[in-house]
Amino acid sequence: MGKHYLNTLFAPKSVAVFGASDRVDAVGQIVFKNMLECGFKGKLYPINAKSAEVQGQKAYASISDIDAPVELVVIATPPKSVPGIIEECGLHGVKAAVIITAGFGEAGAEGVALEKELIAAAHRYNIRLIGPNCLGIMRPSIGLNATFNKGGANAGNIAFVSQSGALCTAILDWAQHNDVGFSSVVSMGSSTDVDFGEILDYLVSDPKTHSILMYIEGIRNSRSFMSALRAAARIKPVVLVKVGRHAAGSKAAMSHTASLVGADDVFDAAVSRAGAVRVQTITQLFTAAKALSCGFRPVGDRLAIVTNGGGPGVMATDRASDLGLTMATLSDSTIEYLNQYLPATWPHANPVDVIGDAQADRYLHAVKACLEDDNVDGVLAILTPQAMTKPLESAQVMIELSNSHSKPLLTCWMGDSQVAEARKAFAAAHKPYFRTPEPAVEVFAHLSAYYRNQKLLMQMPGPFSHHIEPDVDSARLIIEGAMQEHRKVLTEMESKALLSAFHIPVAKTMVAHSPNEALLIAQQLGFPVAMKINSHDISHKSDVGGVMLNLRNAQEVRAAYQHIVDNVQRNQPSARIDGISIEPMIVKSGGRELMIGVTTDPVFGPVITFGAGGTTVEIMGDRAVALPPLNNFLVKDLIKGTRISKMLGKFRNMAAADMDALEEVLLRVSEMVCELPLIKEMDINPLILDENGALAADARIVVEFVQPSADRYSHMAIYPYPTQLVSRWQLADGTDITIRPIRPEDAQLVQKFVHDLSDETKYFRFMNSLQELTESMLVRFTQIDYSREMALVAVTEDNAQEIQLGVARYAINPDGETCEFALVVADNITGKGLGNKLMTSMMDAARDKGLKVIEGEVLNNNHNMLKLMNRLGFTMHGSEDDPAIMKVSKVL
């Protein structure tokens, strides 16, 4: 593939600044001054109709006066002038613009109209926009400083992307004094065009960027954001701060950027599932990035603390407990080793107190022993300056240990003047160090969260988790029936029928329309029974006195019928009553009352919640949240995130609950969310769980019309594994072949496939003399986002081992309508029709996705591929850029 389509934004060869002037402290003056002072390596043009010269440079009245191409424009002129400027730029062939000017979508009706005009002009000429209302963009390595920040930035390998311009200026000022350099700084502003997703896309392929930091106020396009965040986090650490964590903060964020802000725990779940790390403060943002950039490979949350003072060790332990970290239990062999080198008075446990007179050798043995203990995932070494302490020597020992071990080793040298030299040594060695214990523990928590979230990222569940498929058609008919009656809330009977269609066990329920009928049904079901009002108009039955439980005989049932009707008529007289539902009273001495819910987040779409159930669910507030689709790994992780999970094992006189049954219900709920986009809300409350299984005692489902889409999973932020694309095929010699979408666990399969290709086939596929796939290439090829690309692998089995025979893939271009393809088949299988089969399967998938054109590049001497393209009806023409390449394309 050629250059990234945002290349003119991040690496322009020429820049024009509209509004450049000599007026001190005017935005245009600062922007142009920054471009000059930072030594921009390309052509620079000031545009000012009133001056012949700006800051000693020849000025131009308009862009049309420049007799050369301009790749990027920076606009700092009044808002009403901007749409016209974009029009002029389009005529001049400009492809990227940074609009610093404010006064658009955030400035009332007039601003909104102006923004529409601006976007229409940009779309006409295919100009990509950053902003409006932004600080600008920096690329220190090429001297690009298209911002009105006072001063530049050091070149480095951290990319910083922010929705707040003011925060950018503060961070740039802080970075100058803390030896932090940037590959790129992007202030997004209102994000009317280029959004977070596209910026992440560029940064993930940018060799100058090693880690990505983000400041987020709100997300507009969740699918694009999640897709790009997952792609980025597979290759580079992504750390972010999101504000608007509480309702008051969210309102401020909304009015500031005109963006939707999703519920905070939903955002947390999304970030975790994307393999990124969320922190709470700006300081944590940079310390976490520094720790990740040190090459630490965190593998868990078990922390060991080595200290020469009891108090700091306790402070660190308290903070670790607050954050849910595990204090590591040292192995017997570690304790025996430490007994040889530490005074007899050491506590023989974690934290390891090496006592106040400890010098470098004692720190060496204690920290080394902890790092080499299999029960330990990371070490925090704390030093307080005491009479015999040698802070610098001890620091040098820590640096050496850190260089020779991959586990995180964090240091906290407390004090000031006595440890100043030690801190300088840590800084020079690029090792993270801290002044107090708590921030160090927080960074370890972020490192372990990164490890956990990377495991979540690897999960690629399909829409269905079981061999017994649900009755999706019946479920859809139930929902359509309610919709035809203009109802959004399903009755309890309908809700339970929906659950039954997805094989979720439900309490048997029947409806009575008179006291006598109620009595007959109760006798049929068996006493005791529960009775509940059956009405389309009532959501929370107990709130209107519409529920009576544990009715043990005929008299109680007859009396309860009238009592419920009277309650409802008194408390909600407008409600239409359609009888009383009756079900067996579920009496389970070891039963735990749980709740499983579905809610639709305005940003991230459907989310699944799990927690404690019963009538006090809102007060208890015990809920964990996950984005579907789910698999067993993700379900276990969801359950573990609640307080009620601790009561699901053997507890007092209760037997351990049937966890398989609970996981099964959650997986089935995930299937419902995938296949029924009209479900807006769902409560299964309570779900009764004991040692014998799970039973949905009550259920409430709210539906809402959603415009049908060609993409059956367009309602979801994370695209499920596309099981519908799995197919079987057979070669003429009888070899059975499965064609299926690629999975993350295919990494070794793909590595061996590429390794075994002939040099010529490798050259035809990669257009260079590649021998082995690098780690990052393997990640990119196997951990894909099915909503924006597809890779279909052809595999066969030999002695229960899968062998890859070929792969066809497409990647959707930024226009959303065309895609670029690649195809390669094993040398020993060419000429047997597999290439043709893979291409047609892949083109069918692209067509179903709504794509219109498929295109690619083939080397002129790749005769077999050119013959296949001809047979499949592709049109071909030579490349203007490279005569050795033939461009091929086909309308789907």
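Up top is the structure.
Presented here is a report on the structure given in the accompanying data block. This one's a predicted model, so the numbers in the text were calculated from it and none came from an experiment. (Residues numbered from 1 in each chain as written. Predicted model: local features only at pLDDT ≥ 70, side-chain atom pairs only at ≥ 80, totals over all residues. Heavy atoms only, no water.)

Some remarks on the overall build of the chain
Within the chain one finds 28 helices and 38 strands. Reported as C-alpha extents along the three principal axes, the dimensions of the chain are approximately 100 × 80 × 70 Å. In the chain, buried positions account for 54% of the 892 residues. Of all intrachain contacts in the chain linking residues separated by at least 6 positions in sequence, the fraction that spans at least 24 positions is 70%. (Helix = DSSP H or I, 4+ residues; strand = E, 2+ residues; numbered from the N terminus. Buried < 20%, exposed > 50% of the residue type's maximum accessible area, 1.4 Å probe, protein only. Contact = heavy atoms within 4.5 Å.)

What to know about helix α27 (residues 834-848)
With 15 residues, α27 extends 21 Å between its outermost C-alpha atoms, agreeing within 8% with the 21 Å of an ideal straight helix rising 1.5 Å per residue. Looking at the residues trailing α27, positive phi occurs at Gly850, about 90 degrees. (Expected span 1.5 Å × (residues − 1).)

Re the nonpolar core
If you look at the biggest cluster of nonpolar residues, it comprises 61 residues, and the most contacted ones within it are Met214, Phe225, Phe604 and Leu627. Among all residues touching Leu627, those that are not within four sequence positions of it are Met226, Val266, Ala269, Ala270, Arg273, Phe604, Val607, Ala717 and Ile718. With 55 residues, the next largest nonpolar core counts Met460, Leu773, Leu823 and Leu838 among its residues. (Core = buried A, V, L, I, M, F, W, Y, C linked by side-chain atoms within 4.5 Å.)

Quick notes on helix α20 (residues 554-571)
For α20, with 18 residues, the first-to-last C-alpha span of 26 Å sits near the 26 Å given by 1.5 Å per residue. Every buried residue of α20 is listed here: Val557, Ala560, Tyr561, Ile564, Val565, Asn567 and Val568. In the core, the buried residues of α20 are packed alongside β21 (510-512), α19 (515-525), β22 (529-533), β23 (547-551) and β24 (580-584). For α20, the N-terminal capping position is held by Asn553, with its side-chain oxygen 3.3 Å away from the main-chain nitrogen of Gln555. (Polar contact = N/O pair within 3.5 Å; in protein donor to acceptor, adjacent residues only side chain to side chain.)

Some details on the packing of aromatic side chains
Here the distance between the centres and the angle between the planes together describe a pair of aromatic rings. If you walk through the whole model with that rule in mind, you get 13 aromatic pairs. Here Phe426 and Tyr433 contribute two aromatic rings whose centre-to-centre distance is 6.1 Å and whose plane-to-plane angle is 20 degrees, an arrangement assigned as stacked. Judged by relative accessible area, Phe426 falls into the buried class, the value being 1%. Residue classification places Tyr433 among the partly exposed positions, given a relative accessible area of 30%. Summarising the aromatic geometry, the rings of Phe821 and Phe874 are spaced 5.7 Å apart at their centres and angled 55 degrees between planes, so their arrangement reads as tilted. In this pair, Phe821 sits in strand β35 (residues 818-825) while Phe874 sits in the loop between α28 (863-871) and β37 (875-878), placing the two residues 53 residues apart along the sequence. For the pair Phe821 and Phe874, one class covers both residues: buried. Here the guanidinium or amino end of Lys242 rests over the ring plane of Phe267, the centre of that ring lying 5.0 Å away. (Phe/Tyr/Trp six-rings, centres within 6.5 Å; stacked < 30°, edge-to-face > 60°. Lys NZ or Arg CZ within 6 Å of the ring centre and 35° of its normal.)

Some thoughts on the sheet that holds strand β32 (residues 736-741)
The strand order across the open sheet built from eight strands is β31-β32-β33-β34-β35-β36-β38-β37, with neighbouring strands paired in mixed fashion. In this open sheet, the two edge strands, each paired with only one partner strand, are β31 (727-730) and β37. Between one strand axis and the next, the sheet turns by 25 degrees as a mean value, whatever way the strands run. On the sheet, helix α25 (residues 759-766) packs against β34 (801-812), β35 and β36 (853-859) and is oriented at approximately 180 degrees with respect to β35. (Pairing = 2+ DSSP bridges. Axes fitted to C-alpha atoms, helices over the stretch in contact; angles between N-to-C directions.)

A word on the pairing of strand β11 (residues 182-187)
Most of β11 is tucked away, with six of its six residues classed as buried. In this fold, the crossover linking strand β10 (residues 155-162) to β11 by way of helix α5 (residues 165-176) has right-handed handedness. (Right-handed = clockwise from strand over helix to strand, strands pointing away.)

Some points on the packing of helix α3 (residues 82-92) against helix α4 (residues 108-124)
At their nearest, the axes of α3 and α4 sit 9 Å apart, and the two run at 5 degrees to each other. The pairing of α3 with α4 is recorded here as roughly parallel in orientation. Where α3 abuts α4, its residues Val82, Pro83, Ile86 and Glu87 lie against Leu114, Glu117, Leu118, Ala121, Ala122 and Arg124. Its residues placed into classes, the contact of α3 with α4 shows seven nonpolar, no polar and three charged. (Parallel < 35°, antiparallel > 145°, perpendicular 65-115°, else oblique. Nonpolar A, V, L, I, M, F, W, Y, C, P; charged D, E, K, R; others polar.)

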